[in-house]
Amino acid sequence: MVLATTAIAIGALALPGVAAAATCGDLGPAKDYDVFVAGAYTVGNTQIQGRVAVGGDARVAINGGYGVGTALPKNAARVDLVVGGSLTVGSSGAQASNGSVTYGTTLSGTIATPNGTLSHQPPPFSFADSFTDLRALSGQLSGLAANGTWSITPWAALTFTGTSTSRNVFKISAAALQAAQEIAFAVPAGSTVVVNVTGQTYSSATKPTTRISGAPAARLLWNYQLATRVQIGPSIEWQGTVLAPSAAVSFTNGQLHGQVIAASYSGDGTVLHDSPFGGCLPPPPTRDLVLTPLCRNPQSNATNLRLTNTADTAVDVTWSDLDSAQGGALTLPGRTDTYFDVADGETPHRVVVRSSTETAQATTETRACAGRVQVSKVVTGDGTPPDGPWQITLDGDNGYHGAANVNAGQTVGFDVPGDYEAGTVPIGEVVGGFRYTVSEPDPRGAVATISEEPVTILDGMIETVVVGNAYAATEPPPGGGGEGGVGGEGDLTPPPLPGPGGPVVQPPQPTLPPGAPAPVAGPGLIAARSADAADLAVTQVVVPARTQVGGRALSRTTVRNLGTRPAEDVVLREIPQADPKHPNRIVRLVSESADSNVTCSSTRPVICHVGTLAPGAKVTVVARGRMLVAGSYKSVVQASSPTPESNTTNNVGVDGVVVTSRSAPLRVGVRSPAVAVAGQRVTYRVSVRASLHEVSAVQLCHRPARGLLVLSAPGTYQSHGRLCMDISRLRAGHTSAFLVHAVASAQYAGRRVLLPASADSPNRARPARGLSATQIVDVEPSGLG
């Protein structure tokens, strides 16, 4: 199955109306499975109504039971769990209810197959080939023209609006999507919906998202082409298929109607309903060579093209421009995308690619590659902030600089150049992108945080960055403990809880780290047998999202009773995820405040006795802590009651904070000649220096300019189009560097090229940067005068 696309097919898909169903593509072997992963699969407390296929090793029934094929008819000939590697079954018990199980290498433990068999045999298809096709499909979908729009309200309700009766395509950044608490679709009934989500990471717990509605799960597909991590849950009933062929997907405490296609998968406390994707996807092309024009680099003025080889074997081709003397030879490895440039991008060029058996032709795009960086301003804290606005700056590794004044609650957009970079990658991957860094020169007395840094813009990408300013109160709030009053190590034993707990059902607890003690005492989660019951729903927000050691973080937790009956003896308890035996060494409580009739412990793990919550009632607990250790931390809070609940998937609130050490000073420099002669060799030096303190785990990276063709850079490796060097330890006053040997390109004669570099380490809040420039000149007469 070949799943790339031609430029003609992409353009046609944006038009109303789709051809007969016979022209629709599909998901290949993945279409038959609720979960389809290339690598590892680790789950507990999980029920899968349909089938599962795992290319790597599978670990099931880990810290909770596991069932697969629970909603399928009995059929021993059908394999409901396919494992390409080893299958490990935990002690909690696992069962393939209605079908069979196969594994590729070894089996540890026992999985019950009451209506099927358990056997040692290889998968019936190639996972490697399937995921090559799926990555191609993901790249094809990401290239579809968006024919729908989206908008989000101040109260975080996101609406996708489309009018096509056949296929509605949307494009949104991961940052914008995860800012939504509710997601709704307004599209014609029966239409296919494709949402292309840009960015490398996505989490539904950021806000968190709690509801998706308006589009049938069987015709809704979320495409995370460039994502390396996708996190779903908790407390959500996710609608639609997740296509993230290069991402590690995790799903906790929730339900999913659709399929998950990922590089790896982990889950806990989840139910996956058998809702296979049935929408109409683009059909695969019928040729091995596909030439797609992209856009023009507005700085180099070269236009980009992507040449796809969908065959399994390498192909030698030549390309030529019918409108100029440009051309060359390329070797295309099997199943790859090759990006290359044609000069004079403001003029259309007819480019022809020929192999021994095929010819592909396309006319280049003159449209400039462009994207948008949206910066939102958020002001928090109990202190009194100054009047706005605050100045925000945006700097790119291409020399771009922008600045704007933004007031609290406002969003400003920067329209910036985008880029692709010449090179060869597996089908569906992308080369290049300009990197942009948001900064706030003067936070005006606040603790400043920046949600994402840097952001990469290709073409058509919209990325959102949140700049937060937290203003602390000058005095402790009423009832607070002050610095010396609370938060010592003290006695960590929480007060006893009245009343017995009921029987525990899935999900009994959030996932704990290995070796962690059991959560503090409290009622279990009790599922009701009817909808006439209580329903505790927890939301938690931690601000700022990023701070330094010694800085403060504020956690605001709200628990509501969404049910029809009062919830009695409600307990709200924190379940520490980092160093659970000594949680006060990670965060020291500074103060707590809560609504009336709520009493909380004064040390971690925090436990609050809420009492009885009537239907529709809510309480809020605010805790402030001083961060003591650098790291990335997750705050997990759970509410429970002896009263049965109609929904136990929304009892957990999760948010996080990143804590960095005080910035370790680094200085980055690029030493290059001011002038380089076209056709001659150029050598330049990229360096980093630790000025005051020793710095560990430094990564020094440089993005070469297109005008200087790199011959070698000893001691470096390539990472996302950059040359990088890792330095395990850089002593104070010492410098590490690497040399780049290149040839000045004649195509760039008369132009000034930029040579950016950056250095980062875990001890820095943001990368250190350096920049140099070289003018390329042509001193030899061309002879064409």
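Residues numbered from 1 in each chain as written. Predicted model: local features only at pLDDT ≥ 70, side-chain atom pairs only at ≥ 80, totals over all residues. Heavy atoms only, no water.

A. Summary view of the sheet that holds strand E13 (residues 157-161). Sheet architecture is open: 4 strands sit in the order E12-E13-E15-E18, paired in mixed fashion. The sheet is open, and its two borders are formed by strand E12 (149-152) and strand E18 (211-213), each paired with just one other strand. Mean inter-strand twist for the sheet, computed between neighbouring axes without regard to direction, equals 15 degrees. Judged from the 3 bridges that link them, strand E15 (residues 182-186) and E18 form a sheet pairing that is parallel. Bridging from a neighbouring strand, Ala184 pairs with Ser213 of E18. (Pairing = 2+ DSSP bridges. Helix = DSSP H or I, 4+ residues; strand = E, 2+ residues; numbered from the N terminus. Axes fitted to C-alpha atoms, helices over the stretch in contact; angles between N-to-C directions.)

B. The arrangement of helix H2 (residues 127-142) in detail. For H2, which comprises 16 residues, the first-to-last C-alpha distance of 22 Å matches the rise-based estimate of 22 Å (1.5 Å per residue) to within 8%. Burial analysis of H2 places 13 of its 16 residues in the buried class, which makes it a mostly covered element. Near the N-terminus of H2, the side chain that reaches the backbone nitrogen of Ala128, with its oxygen 3.4 Å away, is that of Ser126. (Expected span 1.5 Å × (residues − 1). Buried < 20%, exposed > 50% of the residue type's maximum accessible area, 1.4 Å probe, protein only. Polar contact = N/O pair within 3.5 Å; in protein donor to acceptor, adjacent residues only side chain to side chain.)

C. The nonpolar core, seen in detail. In this structure, Tyr41, Tyr66, Phe185, Trp222 and Tyr224 are the most contacted members of the largest nonpolar core, which totals 56 residues. Here this core gets 6 residues from one element, more than from any other, and that element is strand E22 (residues 241-258). Excluding anything up to four places from it in sequence, Phe185 contacts Phe160, Phe170, Val193, Val195, Ile212, Ser213, Gly214, Ala215, Leu220 and Trp222. Listed in part, the 31 residues of the second largest apolar core include Val668, Val670, Ala705 and Ala744. (Core = buried A, V, L, I, M, F, W, Y, C linked by side-chain atoms within 4.5 Å. Contact = heavy atoms within 4.5 Å.)

D. Just the state of the cysteines, in detail. As enumerated under the stated definition, the model contains 4 disulfides in all. The disulfide partner of Cys24 is Cys280, and the S-S distance across this bridge is 1.8 Å. One disulfide, between Cys24 and Cys280, carries an S-S torsion of -95 degrees and so falls in the left-handed class. A residue pair is termed long-range when its members are at least 10 positions apart, and Cys24 in the loop between helix H1 (7-13) and strand E1 (35-37) and Cys280 in the loop between strand E23 (260-274) and strand E24 (289-296) qualify at 256 residues. Each disulfide pairs two cysteine sulfurs, and for Cys600 the partner residue is Cys608, the sulfurs being separated by 2.0 Å. What sets the handedness of the Cys600 and Cys608 disulfide is the S-S torsion sign, and at about 110 degrees it is right-handed. Sequence-ordered numbering of the bonded cysteines in the protein chain gives a disulfide pattern of 1-2, 3-4, 5-6, 7-8. (Disulfide = S-S within 2.5 Å.)

E. Region of the structure containing the side chain of Thr241. One can find Thr241 in strand E22. Exposure remark for Thr241: the relative accessible area of 0% places this residue in the buried category. A polar contact is formed between the side chain of Thr241 and the backbone nitrogen of Gln259, at a distance of 3.2 Å. Residues within four places of Thr241 in sequence aside, it is in contact with Ala217, Leu220, Leu221, Trp222, Gly258, Gln259 and Phe277.

F. Focus on the packing of aromatic side chains. According to the stated counting rule, one finds 19 aromatic pairs in the structure shown. Taken together through their ring pairs, the aromatic side chains of Phe160, Phe170, Phe185, Tyr202, Trp222, Tyr224 and Trp238 make up a single cluster. In this structure, Arg444 packs its charged tip against the face of Trp390, placed 5.6 Å from the ring centre. Residue placement shows Arg751 over the ring face of Tyr748; its charged tip is 4.9 Å from the ring centre. (Phe/Tyr/Trp six-rings, centres within 6.5 Å; stacked < 30°, edge-to-face > 60°. Lys NZ or Arg CZ within 6 Å of the ring centre and 35° of its normal.)

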